[in-house]
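Structural characterization, general
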Amino acid sequence: MRIQVSPSLMCMNLMEIKHQLAVLDSRADFLHIDIMDGHYVKNITLSPFFIEQIRPHTRVALDVHLMVERPTDFIEVIARAGADYICPHAETINRDAFRVINLIRSFGKKVGVVLNPATPVSYIHHYIHLLDKITVMTVDPGYAGQPFIPEMVEKIKALKALKQQHGYPWLIEIDGSCNTRTYQTLVSAGADVLIVGTSGLFTLHDDLATAWDMMRESIDEAQGLTQVSA
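Residues numbered from 1 in each chain as written. Predicted model: local features only at pLDDT ≥ 70, side-chain atom pairs only at ≥ 80, totals over all residues. Heavy atoms only, no water.

For the chain, the name recorded in an unreviewed UniProt entry is D-allulose-6-phosphate 3-epimerase, with Candidatus Pantoea soli as its organism. The heading Pathway (unreviewed entry) in the UniProt record of the chain holds the text "Carbohydrate degradation; D-allose degradation." Quoted verbatim from the Catalytic activity (unreviewed entry) heading of the UniProt record, the comment on the chain is "D-allulose 6-phosphate = keto-D-fructose 6-phosphate". (UniProt positions renumbered as here; feature names shortened; annotations may be inferred.)

Below is the structure:
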């Protein structure tokens, strides 16, 4: 299956948001939206209001990454704003993970969980079968442009083995330093979805459509699909 791509909207040029959304709408598999509260990570980025504003302008699934201490404070408002996937960090929900998963499902949304670099796969063992997507952070969360953490390759491989062994349907998504230096490694390890940001997409060319074609060609080459047109 061709690797899916999820552009990180915190890295886009917000002065050209309408044009860039139009370009991504016909190309992207997901649109990745980071919501940070300034507490779980020392940064603040996009918001539920941003989701509400862009929802009418794209048909692509909106994948919301909750880097917040209290996900339940955000789930309903994000769901009503138009999110399709809601993905909190494992550390923030393990006290009441089944309740949180049921809450997300109650709004008709898909459930993802995010694993920090230091968080083992075993941390989500008891509810892993209930998920639609697992995101492996290959950088510590909170800021764009950080270096890739190579120890995460074994975590991706472990998830791929679990998925194949049990027939789990969830997607394995990678967040952090997805670019030409890491595509081959991530594809070989078992990634299904790559989140691309500054280095992977938005700085490749001034024209976003051209940048997308450059990125897609690199990913296809890493996957051995160079005969597939971008």
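Here the narrative resumes, following the displayed structure.
**Looking at the UniProt feature "binding site: substrate" (unreviewed entry) in the chain**
The positions that UniProt labels "binding site: substrate" (unreviewed entry) are, in the present scheme, His65, Gly142, Tyr143, Ala144, Gly145, Asp175, Gly176, Ser177, Gly197, Thr198 and Ser199. With respect to the secondary-structure elements, His65 resides in strand E3 (residues 61-67). Residue classification places His65 among the buried residues on the basis of a relative accessible area of 1%. Aside from chain neighbours lying at most four places away, what touches His65 is His32, Ile33, Asp34, Ile35, Cys87, His89, Val114, Met137 and Asp175. (Helix = DSSP H or I, 4+ residues; strand = E, 2+ residues; numbered from the N terminus. Buried < 20%, exposed > 50% of the residue type's maximum accessible area, 1.4 Å probe, protein only. Contact = heavy atoms within 4.5 Å.)

**Here we look at helix H9 (residues 208-223)**
Under the 1.5 Å per step criterion, the end-to-end length of H9 is 22 Å for 16 residues, consistent within 8% with the ideal 22 Å. Of the positions making up H9, those classed as buried are Leu208, Ala209, Ala211, Trp212, Met215, Arg216, Ile219, Asp220 and Ala222. One side of H9 holds all its buried residues, which, seen down the axis, span an arc of 165 degrees. Of the exposed residues in H9, those oriented more than 90 degrees away from the buried face are Glu217 and Glu221. Looking at the buried positions of H9, the neighbouring elements they touch are strand E1 (4-7), helix H1 (17-25), helix H7 (183-189), strand E8 (193-196) and helix H8 (198-202). Taken from the residues just after H9, Gly224 is the one with a positive phi, measuring 80 degrees. (Expected span 1.5 Å × (residues − 1). Arc of directions from axis to C-beta.)

**Description of the pattern of salt bridges**
Enumeration according to the criterion identifies twelve salt bridges in this entry. Residue Lys133 pairs with Asp63 through a salt bridge whose shortest N-O separation is 3.0 Å. In this pair, Lys133 sits in strand E6 (residues 133-137) while Asp63 sits in strand E3, placing the two residues 70 residues apart along the sequence. Each member of the pair, Lys133 as well as Asp63, carries the same accessibility label: buried. When the shortest N-O distance is used, the salt bridge between Arg105 and Asp132 registers 2.7 Å. Of this pair, Arg105 sits in helix H5 (residues 97-106) while Asp132 sits in the loop between strand E5 (110-115) and E6, placing them 27 residues apart in sequence. Its relative accessible area of 34% is what places Arg105 among the partly exposed residues. One continuous salt-bridge network, built from bridges that share partners, spans Arg2, Arg216 and Asp220. (Salt bridge = Lys/Arg side-chain N within 4 Å of Asp/Glu carboxyl O.)

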